[in-house]
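Analysis of the macromolecular model
Listed below are the residues making up each chain.
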2 protein chains.
Amino acid sequence: MTIILASGNSHKRKEIEKILPDHRILLPSEAGLTFDVEEDGETYLENALKKARSLGNQAEYPVLADDSGLSIPALNGEPGIFSARYGSEETGRNLEAGERNAYLLEKMKGVKNRQGFFVCAMVLYLSPYRFFIAQETMDGIITESPRGEGGFGYDPVFFLPEYGQTVAELPWELKNQISHRGKAGARIRSILKELKEHQ
Amino acid sequence: MTIILASGNSHKRKEIEKILPDHRILLPSEAGLTFDVEEDGETYLENALKKARSLGNQAEYPVLADDSGLSIPALNGEPGIFSARYGSEETGRNLEAGERNAYLLEKMKGVKNRQGFFVCAMVLYLSPYRFFIAQETMDGIITESPRGEGGFGYDPVFFLPEYGQTVAELPWELKNQISHRGKAGARIRSILKELKEHQ
């Protein structure tokens, strides 16, 4: 199936191609579509739906959209839906991933409850009344300092006790199996398979 | 898997048991839970999520919730999320299904565009950050008069051109394959299978 990915990010496209290897994934620009959405929802789910709808109503193919982030209970759920721009408003400039991690670790200094979870809400949108959603998590612990070179975003400061590694230290195939995005993608993959077989 | 159905309706339980035959479906009362939700969302999805959350936060098992209705473009989407109580406010009493169908046909008198679609939003809720949703439709035509004895609700006034029958005339097994609720259930069934196999 050809699917439009509601993202301008070719890195995310590669990740999705590995999760949905039987499908052809196009970025909006490759399908001649404009993608420009204000992510002002209050939840991951609302933002993902908003992205999906903005393209779904102009695309001839199904649209896949996701919204992801890191929720930390000790910080009242922050960075949450603001994960990608966390600290940028407070510091007055666009932080890069390394700076953002430093900003987060500073906030977590002395905090005992270091639990966190990554969340991914993924939407497969076929029409305004026909869509499928999977929201999955990956649970872990916020480290005291970054570790590992792989992954991206908060991966170096997110430790998985059952693997004894941060997400940035995990082999890439393993990350795609156990991550919030990998698991949500697996649910969507099941639905796509079922759709193909039964109608 | 044992699943709590967010409904007080044993008829709906039977339908879901047929759609998810490999799972044990319990009504809230059978799990010692109280189910009392005001369905005041603005969409099928919001109402289904609200029902799922109200039980999910007290249940030890996954919760399945759905919200369904009939949307008619010529009536600006009515009865929509008010399908189960359509006409009751206007007439000042609780209409039964037959009266509700008569009320709808009266509203549709002389209306040329008789397209309608049934919608079902179904939620499988595992935790506040982990849930799966399928929203499916069944497209058809609003009849001029009721036909058929099977099904329930608006089924006798909903005609499927490709079968030459109203939903109330369809064999029950066929209805469960092609209906909005049957199709949404099939997507959830895929996800449950995937969950069982891969974690």
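Residues numbered from 1 in each chain as written. Chains lettered and ligands numbered in written order. Predicted model: local features only at pLDDT ≥ 70, side-chain atom pairs only at ≥ 80, totals over all residues. Heavy atoms only, no water.

Notes on the packing of aromatic side chains
Residues and elements named next belong to chain A. On inspection of all chains with the given rule, the structure shows eight aromatic pairs over all chains. With a centroid separation of 4.4 Å and an interplanar angle of 50°, the aromatic rings of Phe-118 and Phe-158 are classed as tilted. Residue Phe-118 is found in strand 4 (residues 115–127), and its partner Phe-158 is found in strand 6 (residues 158–160); the two are separated by 40 residues along the sequence. (Phe/Tyr/Trp six-rings, centres within 6.5 Å; stacked < 30°, edge-to-face > 60°. Helix = DSSP H or I, 4+ residues; strand = E, 2+ residues; numbered from the N terminus.)

Concerning the pattern of salt bridges
Applying the stated criterion across every chain yields a total of 36 salt bridges over all chains. For A:Asp66, the salt bridge is made with A:Arg181, and the minimal N-O distance between the two is 2.7 Å. Residue A:Asp66 is located in strand 3 (residues 63–71), and its partner A:Arg181 is located in helix 6 (residues 180–198); the two are separated by 115 residues in the primary sequence. Per residue, the accessibility class of A:Asp66 equals that of A:Arg181, and both read buried. Taking the shortest distance from any N to any O, the salt bridge between B:Arg13 and B:Glu30 comes out at 2.8 Å. Of this pair, B:Arg13 sits in helix 1 (residues 10–19) while B:Glu30 sits in the loop between strand 2 (24–26) and helix 2 (44–56), placing them 17 residues apart in sequence. Given a relative accessible area of 15%, B:Arg13 falls into the buried group. (Salt bridge = Lys/Arg side-chain N within 4 Å of Asp/Glu carboxyl O. Buried < 20%, exposed > 50% of the residue type's maximum accessible area, 1.4 Å probe, protein only.)

Details of the interface of chain A and chain B
Taken together, the contact pairs 25 residues of chain A with 25 residues of chain B. A buried area of about 2,100 Å², summed over both sides, lies between chain A and chain B, and 57% of it is on carbon and sulfur atoms. In terms of surface lost to chain B, no three residues of chain A exceed A:Tyr129, A:Gln135 and A:Arg187, which account for 32% of the buried area on that side. Run the count over chain A and chain B and you get six salt bridges. Our enumeration of links across chain A and chain B arrives at nine residue pairs in polar contact (both at pLDDT 80 or more). Listing elements by their share of the side of chain A that touches chain B, those giving two or more residues are helix 2 (44–56), strand 4, strand 5 (130–142) and helix 6 of chain A. Residue composition of the side of chain A that touches chain B, grouped by class: 14 nonpolar, five polar and six charged. Sheet analysis places strand 5 of chain A next to strand 5 (residues 130–142) of chain B, joined by five bridges and oriented antiparallel. Each residue of the ladder has a partner; that of A:Phe131, found in strand 5 of chain B, is B:Gln135. (Contact = heavy atoms within 4.5 Å. Buried area = accessible area lost by both parts, 1.4 Å probe. Polar contact = N/O pair within 3.5 Å; in protein donor to acceptor, adjacent residues only side chain to side chain. Nonpolar A, V, L, I, M, F, W, Y, C, P; charged D, E, K, R; others polar. Pairing = 2+ DSSP bridges.)

Description of the relation of the copies chain A and chain B
You can overlay chain A on chain B at an RMSD of 0.0 Å; the transform is a turn of 180° with a shift of 0.0 Å along its axis. Look at the turn and shift together and you get a two-fold axis relating the two. Closest to the rotation axis within chain A is the C-alpha of A:Ile133, separated from it by 2.4 Å. (Least-squares fit on C-alpha atoms with pLDDT ≥ 70 in both.)

Description of the environment of B:Met108
Residue and element names in this part refer to chain B. Along the chain, Met-108 turns up in the loop between helix 4 (97–107) and strand 4 (115–127). You can call Met-108 buried: its relative accessible area is 0%. Setting aside anything within four residues of it in sequence, one finds Met-108 in contact with Ile-72, Leu-75, Asn-113, Arg-114 and Ile-142.

A short note on the side chain of A:Thr166
Take A:Thr166: it is sitting in strand 7 (residues 165–166). Excluding anything up to four places from it in sequence, A:Thr166 contacts A:Thr143, A:Arg147, A:Gly148, A:Asp155, A:Pro156, A:Phe158 and A:Phe159.

Points about the nonpolar core
By size, the foremost hydrophobic cluster in this structure holds 42 residues, and its most contacted members are A:Val63, A:Ile133, B:Val63 and B:Ile133. When near neighbours in sequence (up to four residues on either side) are disregarded, B:Ile133 contacts A:Leu45, A:Phe131, A:Phe132, A:Ile133, B:Leu45, B:Leu49, B:Met122 and B:Val123. (Core = buried A, V, L, I, M, F, W, Y, C linked by side-chain atoms within 4.5 Å.)

Concerning unusual backbone geometry
Residue and element names in this part refer to chain A. Cis geometry is adopted by the peptide bond preceding Pro-79, which originates at Glu-78 and carries an omega value of -10°. Structurally, Pro-79 can be placed in the loop between strand 3 and helix 3 (88–91). The backbone of Asn-76 sits at a positive phi, close to 55°, despite the residue not being glycine. By secondary structure assignment, the location of Asn-76 is in the loop between strand 3 and helix 3.

Re the pairing of strand 4 of chain A
Residues and elements named next belong to chain A. Burial analysis of strand 4 places ten of its 13 residues in the buried class, the great majority of the element. The pairing of strand 3 with strand 4 spans nine bridges and is classified as antiparallel. Paired with Asp-67 across the strands is Ala-121, a residue of strand 4. Bridging between strand 4 and strand 5 involves twelve bridges; their strand directions are antiparallel. Within strand 5, the position partnered with Phe-117 by the bridge is Asp-139. Taken together, strand 4 and the strand that follows it, strand 5, pair antiparallel across an intervening segment of two residues.

Some details on the environment of B:Ile178
Residue and element names in this part refer to chain B. Position of Ile-178 among the secondary structure elements: in helix 5 (residues 172–178). A relative accessible area of 17% means that Ile-178 is categorised as buried. In this view, Ile-178 contacts Met-138, Leu-160, Tyr-163, Leu-170 and Lys-183; residues no more than four positions away in its chain are not counted.

Thoughts on the pairing of strand 3 of chain A
Residue and element names in this part refer to chain A. Counting buried residues in strand 3 gives nine out of nine residues, a clear majority hidden from the surface. As paired elements, strand 1 (residues 2–5) and strand 3 share two bridges and run parallel to each other. Note that in strand 3 the partner of Ile-4 across the bridge is Val-63.

Topic: the confidence of the model for chain A
Here chain A shows a mean pLDDT of 94. Residues at 70 or above account for 99%. This complex was scored by the predictor with a pTM of 0.93 and an ipTM of 0.91. (pLDDT = per-residue confidence, 0-100.)

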